[in-house]
Amino acid sequence: MNGQSSNSDTPDNYDRDLDLHGDGDTLREECGVFGIYGHPEAAAITALGLHALQHRGQEAAGIVSFDGQRFHSERRLGLVGDAFSRAEVINRLPGSSAVGHVRYSTTGGTILRNVQPLFAELNAGGFAVAHNGNLTNGLTLRRELVRYGGIMQSTTDTEVILHLVAQSKRSRFIERYIEALRTIEGAYALVSLTNKKLIGARDPRGIRPLVLGELDGCPILTSETCALDIIGAKYVRDVEPGEIIVFDEKGQEIHKPFPPVPPRPCIFEYIYFARPDSIVGGRSVYEVRKAFGAQLAQESHADIDVVVPVPDSGVPAAVGYSQASGVPFELGIIRNHYVGRTFIQPSQSVRELGVRMKHAPNRAAIEGKRIILIDDSLVRGTTSKKIVRMMRDAGAREVHFRLASPQIIHPDYYGIDLPDRGGLLAASHSIEEMRDIIGADSLAFLSIDGMYRAMGEPGRDPANPKFSDHCFTGDYPTPLTDQSQVEQNQHQLSLLAEAS
């Protein structure tokens, strides 16, 4: 999904600090992919699917279509609705097959040349690819490809896949594709389009999600079931870990080229990334998040008057906490959904007031009350500190804080934008120290075993963990090749910051 440059190219240099979840103190979404084969309105349907996946990436969106003779590409910075709501844009994407992508750049600059789907002309024809995830040997492979003559046009690790397919000497395209995937490591859900095929692929551990749907007899591949719901498509099944599924005029073809390994889907899909109305791995995300909250109530209940969610990600867990504890649920923080980018460059004092542009305390629900705040996770602690202060300023008598996930003490290398270990508050502070920093009366996290129990498991089995939970445990599911071969200067295209 991503590459290795900073976000200094972010368009308009807009200021995330005006959001309550600024300062890099939240889990940033990954990316979302969508593909459809054989439908006369492929591009329009893809745009609708990307709307449903907007929560997975808000910095850029793109669609590539194929009309039987030519490929057509539209890639834009910004939201799907800003780029793909106009008929003239969709009309520039003719054809019965299309793939699309929404992007949040974890480590690749937000510039047009990094916006997916990426496209290349190979000797077998055009090839477009959209990628959710992150390759843990992408930098290593990139250096090798460049050393032997590869010319890179972006700073995304996804481009490595294009080069690997292009350089394969296999005769059939699918064999070249499989050979490329055997070379890469890490997390990926891929949706690819050629002049004859729509191809979906999921990494052997199944870290990133990918589902198969059907609309009017046409196959769809996408990151989440909510993208099927928005277009009225039928959910068929999850693409299995390590599975490659191919659709062409002959029908469906399945490949399973990898040695079987125990699946370990990303636990953060349930904690934060997936939309609450999605079904991931056969589980309702909404029900799982409620179960996280109920488990929190069992493990660390406090004597309180009201349960208050941190919107929006903390709402289902707060519902579960309230139901399990019997304490009333109240919307103590009101989110303004109609605030976009700020039109001012505020001073620090105005910046602090700007927090309330998007989130404001509901004084009537919290004044004089002992409240417990429920959020999905804690990263740096700056967000939690702002929230606690906001609640106290609005008259809360006591402010307790609960997190519906365990302590994040290790970085992620699979597409989640987390700081390195030094930037993770829980990696260097005790719970009491963190409580003091954020200013709460008490602080507690969901236990790791409790998280597993909420998922329907008896607990975490260290010999066979069912999920990718490395941010809590340090138990990474794949090799981390690039981390052992880090170079001081990884900026491949530093002179092309404005290239498109």
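From a predicted model like this one, the values you see are computed outputs, not experimental measurements.

Colleague: Can you walk me through the overall build of the chain in this structure?
Modeller: In terms of regular secondary structure, the chain is built from 17 helices and 21 strands. For the chain, the proportion of its 500 residues judged to be buried stands at 59%. Within the chain, contacts between residues at least 6 apart in sequence are counted, and of these 71% link residues at least 24 apart. When the accessible surface of the chain is totalled, it reaches about 19,600 Å², and 49% of it is carbon and sulfur.

Colleague: Looking at this structure, how should I read the sheet that holds strand β19 (residues 370–375)?
Modeller: For sheets, the rule is that strands pair by backbone hydrogen bonds, running either parallel or antiparallel. A sheet is described by the order of its strands in space; here 4 strands give the open sequence β16-β19-β20-β21, paired in parallel fashion. What marks the edges here is a single partner per strand, and that holds for β16 (306–309) and β21 (442–445). With direction set aside, neighbouring strand axes in the sheet form an average angle of 20°. Inspection of the sheet shows strand β20 (residues 398–403) paired to β21 by 4 bridges, in the parallel sense. When the bridges of β21 are listed, H400 appears paired with S442.

Colleague: What am I meant to see in helix α15 (residues 431–438) here?
Modeller: Of the residues making up α15, those classed as buried are M434, R435 and I438. Down the axis of α15, the buried side of the element spans an arc of 105°, and every buried residue falls inside it. Where α15 is buried, its residues contact α13 (382–393), β20, α14 (425–428) and β21. Directly after α15, the chain includes G439, whose backbone phi takes a positive value near 85°.

Colleague: For this particular structure, what's the right way to read the sheet that holds strand β8 (residues 198–202)?
Modeller: Taken in spatial order, the 6 strands of this open sheet run β5-β6-β7-β8-β12-β13, and their pairing is antiparallel. Either end of the sheet is taken by a strand with one partner, and the two such strands are β5 (118–122) and β13 (251–255). Mean inter-strand twist for the sheet, computed between neighbouring axes without regard to direction, equals 20°. Two strands pair when backbone bridges link them, and strand β6 (residues 125–135) and strand β7 (residues 186–194) are joined in this way by 9 bridges, in the antiparallel orientation. Bridging from a neighbouring strand, A130 pairs with V191 of β7. In the packing of helix α5 (residues 158–167) onto the sheet, the strands contacted are β5, β6 and β7, and the crossing angle to β5 comes to about 15°.

Colleague: Looking at this model, I keep getting lost on the nonpolar core. Mind explaining?
Modeller: In a soluble, globular protein the nonpolar side chains are often hidden away together inside. If you look at the biggest cluster of nonpolar residues, it comprises 40 residues, and the most contacted ones within it are I267, F268 and F292. Where this core is concerned, the elements lending two or more residues are α8 (268–273), α9 (285–300), α10 (315–325), β19, α16 (448–454) and α17 (470–473).

Colleague: I keep staring at the packing of aromatic side chains and nothing clicks. Help me out?
Modeller: What characterises a pair of aromatic rings is the spacing of the ring centres plus the angle enclosed by the ring planes. Scanning all chains against the criterion turns up 11 aromatic pairs. Ring plane angle 45° and centroid distance 5.3 Å describe the contact between F268 and F472, whose orientation is recorded as tilted. Taken as a pair, F268 in helix α8 and F472 in helix α17 lie far apart in primary sequence, 204 residues in all. The residues F268 and F472 share a single accessibility class, namely buried. Site record: aromatic cluster; members linked through ring pairs are F268, Y272, F273 and F472.

Colleague: Got a minute to help me understand the pattern of salt bridges in this structure?
Modeller: When the charged atoms of two side chains lie near each other, side chains of opposite charge can form a pair. All chains considered together, the criterion is met by 26 salt bridges. R363 is the partner of E367 in a salt bridge, and the nearest nitrogen-oxygen pair spans 3.8 Å. Overall, the relative accessible area of 46% leaves E367 in the partly exposed class.

Colleague: What is the right way to read the pairing of β19 from this model?
Modeller: By the criterion of burial, β19 is predominantly enclosed, with 6 of the 6 residues buried. Here β19 shows a buried face lined by R370, I372 and I374 and a second buried face lined by I371, L373 and D375. As judged from the 4 bridges shared by β16 and β19, these two strands associate in the parallel manner. Within β19, the residue paired with P309 across the bridge is I374. Two elements, β19 and β20, share 6 bridges in a ladder whose sense is parallel. Across the sheet, the residue bridging to D375 is L403, located in β20. Assessed by its sense of winding, the connection that carries the chain from β19 through α13 to β20 is right-handed.

Conventions we followed
- Residues numbered from 1 in each chain as written.
- Predicted model: local features only at pLDDT ≥ 70, side-chain atom pairs only at ≥ 80, totals over all residues.
- Heavy atoms only, no water.
- Helix = DSSP H or I, 4+ residues; strand = E, 2+ residues; numbered from the N terminus.
- Buried < 20%, exposed > 50% of the residue type's maximum accessible area, 1.4 Å probe, protein only.
- Contact = heavy atoms within 4.5 Å.
- Areas by Shrake-Rupley, 256 points an atom, 1.4 Å probe, with all protein chains shown as cover.
- Pairing = 2+ DSSP bridges.
- Axes fitted to C-alpha atoms, helices over the stretch in contact; angles between N-to-C directions.
- Arc of directions from axis to C-beta.
- Core = buried A, V, L, I, M, F, W, Y, C linked by side-chain atoms within 4.5 Å.
- Phe/Tyr/Trp six-rings, centres within 6.5 Å; stacked < 30°, edge-to-face > 60°.
- Salt bridge = Lys/Arg side-chain N within 4 Å of Asp/Glu carboxyl O.
- Right-handed = clockwise from strand over helix to strand, strands pointing away.

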